[in-house]
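Here is what each chain is made of, one letter per residue.
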Amino acid sequence: MRAVLIVNPNATSTTPAGRDLLAHALESRVTLTVEHTNHRGHAIEIARDATRDGVDVLIVHGGDGTVNEVVNGVLGDCGGTRPDAGVAPAVAVVPGGSANVFARALGISPDPIEATNQLVDLLGGYRMGRPWRRIGLMDCGERWGVFTAGMGVDGDVVAAVEAQREKGRKVTASRYIRVAVREMLASARKEPILTLHLPGADPVAGVHFAFVSNSSPWTYANARPVWTNPETTFDTGLGVFAITSMNIWANLRLVRQMVARKPRLAAKHLIRDDDVSSVTVTSNTPVACQIDGDYIGTRETMTFTSVPEALSVVAPTKKID
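Identification of the chain as DeoR faimly transcriptional regulator from Mycolicibacterium setense is taken from an unreviewed UniProt entry. The UniProt entry for the chain carries the following text under Cofactor (unreviewed entry): "Mg(2+)". Taken directly from UniProt, the Sequence similarities (unreviewed entry) text for the chain runs: "Belongs to the diacylglycerol/lipid kinase family."

Structure follows, in structure tokens:
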């Protein structure tokens, strides 16, 4: 079995010692090549070349942004001809970022050493005839999304965090929370400009922001999951979470529901569905957008479509809580 280990050396929780340990453990199971990324988009290039070369597994050691790049390198342009499911490489993840939402949603341990042991066991299972797991993805029009996308304040938060990262500040859960609170308060003073278009329903105008999910939870605040669409999984359609009011007290009550151990999300100003085939969000002026925690700029229209069984992954059959 041929594998390429794609390492983002700048990811939050990667270390040279950890990378060496991971490579050593993998060499007992696969014929391994190690590639390090050195610029944005580099993982797309590495994954594209490996896919053309017929590599069996691409192992990502980095954060969610690196995972997104690898998936886009494997599958190519949205709406284009995807590689045959039996030919395209499977994607594995050993977390190395700050949140690692995708890996944790797959049932992969956030601890790199434990995740390495999981991966070695899963590779051994495949050699014994166990098939790779298949998961659905989001076709976001211009690129693939693996777990989340957002328009409005969500995009503003990601843009602000990326700006701080470029200044050399470490990205942590507490920094995300501080930035999110600041952007939410700023957004509360603005008029809603988004319109939500769901299949079989009238458009909903007056939306302040919209999250689209491909799995759950939506993200993590350190070890605590934050829920928007608890029933959305890699095997369902997409989850939609949007609000039509920025009332502080109403949204504080909603936030308490989102971080509860057993979330029951309900509010008069909340529009939510855990299983839709597609959703379009429009705006009368360009707004900030993010896909898988990466700021992609401003857009006036985004359409997100569920694509079942789009990708093979090296992961437990069911998520381990």
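Let's pick the thread back up.
1. Remarks on the packing of helix 1 (residues 16–26) against helix 5 (residues 112–127)
Relative to each other, helix 1 and helix 5 sit at 15 degrees, their axes nearing to 10 Å. The orientation of helix 1 with respect to helix 5, classified from their angle, is roughly parallel. Crossing hand, helix 1 versus helix 5: right-handed. Here L21, L22, A25 and L26 of helix 1 lie close against helix 5, whose contacting residues are I113, T116, L119, V120 and L123. Split by residue class, the contact of helix 1 with helix 5 holds 8 nonpolar, 1 polar and no charged.

2. Let's talk about the side chain of R133
Note on placement: R133 falls in strand 5 (residues 133–139). Among the polar contacts made by the side chain of R133, one reaches the main-chain carbonyl oxygen of P316 at a distance of 2.7 Å.

3. Some remarks on the environment of T31
Tracing the sequence through the fold places T31 in strand 2 (residues 31–36). Owing to a relative accessible area of 55%, T31 belongs among the exposed residues under this scheme. Measuring from C-alpha to C-alpha, the distance between T31 and M1 comes to 6.0 Å, with 30 residues separating the pair along the chain. Aside from chain neighbours lying at most four places away, what touches T31 is M1, R2 and A3.

4. Topic: the environment of A242
For A242, the position within the fold is in strand 13 (residues 238–243). A242 sits in the buried class, given a relative accessible area of 0%. Contact partners of A242, with chain neighbours within four places excluded, come to L196, V207, F209, A210, H269, L270 and I271.

5. Description of the state of the cysteines
In this structure the tally under the stated criterion is 0 disulfides. Considering cysteine sulfurs only, C140 is the nearest to C78, which forms no disulfide, with 6.5 Å between them. Under the relative-accessibility criterion, C78 is labelled buried at 15%. Lacking any disulfide linkage, C289 is separated from the closest cysteine sulfur, that of C140, by 10 Å. Of the residues examined, C289 reaches a relative accessible area of 1% and is grouped as buried.

6. With respect to the packing of helix 2 (residues 42–52) against helix 3 (residues 64–75)
Where helix 2 meets helix 3, the closest approach of the two axes is 7 Å, and the angle between their N-to-C directions is 35 degrees. In the crossing of helix 2 with helix 3, the sense of the turn from one axis to the other is right-handed. Here H42, A43, I44, A47, R48 and T51 of helix 2 lie close against helix 3, whose contacting residues are T66, E69, V70, G73 and V74. Residues of the contact of helix 2 with helix 3, tallied by class, amount to 5 nonpolar, 4 polar and 2 charged.

7. Overview of helix 3
Here helix 3 is 12 residues long and its end C-alpha atoms lie 17 Å apart, about the 16 Å a rise of 1.5 Å per residue gives. Buried residues dominate helix 3, accounting for 12 of its 12 residues. Where helix 3 is concerned, the buried positions are D64, G65, T66, V67, N68, E69, V70, V71, N72, G73, V74 and L75. A positive backbone phi angle near 75 degrees is found at G76, which sits one or two residues after helix 3.

The rules behind these values
- Residues numbered from 1 in each chain as written.
- Predicted model: local features only at pLDDT ≥ 70, side-chain atom pairs only at ≥ 80, totals over all residues.
- Heavy atoms only, no water.
- UniProt positions renumbered as here; feature names shortened; annotations may be inferred.
- Axes fitted to C-alpha atoms, helices over the stretch in contact; angles between N-to-C directions.
- Helix = DSSP H or I, 4+ residues; strand = E, 2+ residues; numbered from the N terminus.
- Parallel < 35°, antiparallel > 145°, perpendicular 65-115°, else oblique.
- Left-handed = near helix turned anticlockwise from the far one by under 90°.
- Contact = heavy atoms within 4.5 Å.
- Nonpolar A, V, L, I, M, F, W, Y, C, P; charged D, E, K, R; others polar.
- Polar contact = N/O pair within 3.5 Å; in protein donor to acceptor, adjacent residues only side chain to side chain.
- Buried < 20%, exposed > 50% of the residue type's maximum accessible area, 1.4 Å probe, protein only.
- Disulfide = S-S within 2.5 Å.
- Expected span 1.5 Å × (residues − 1).

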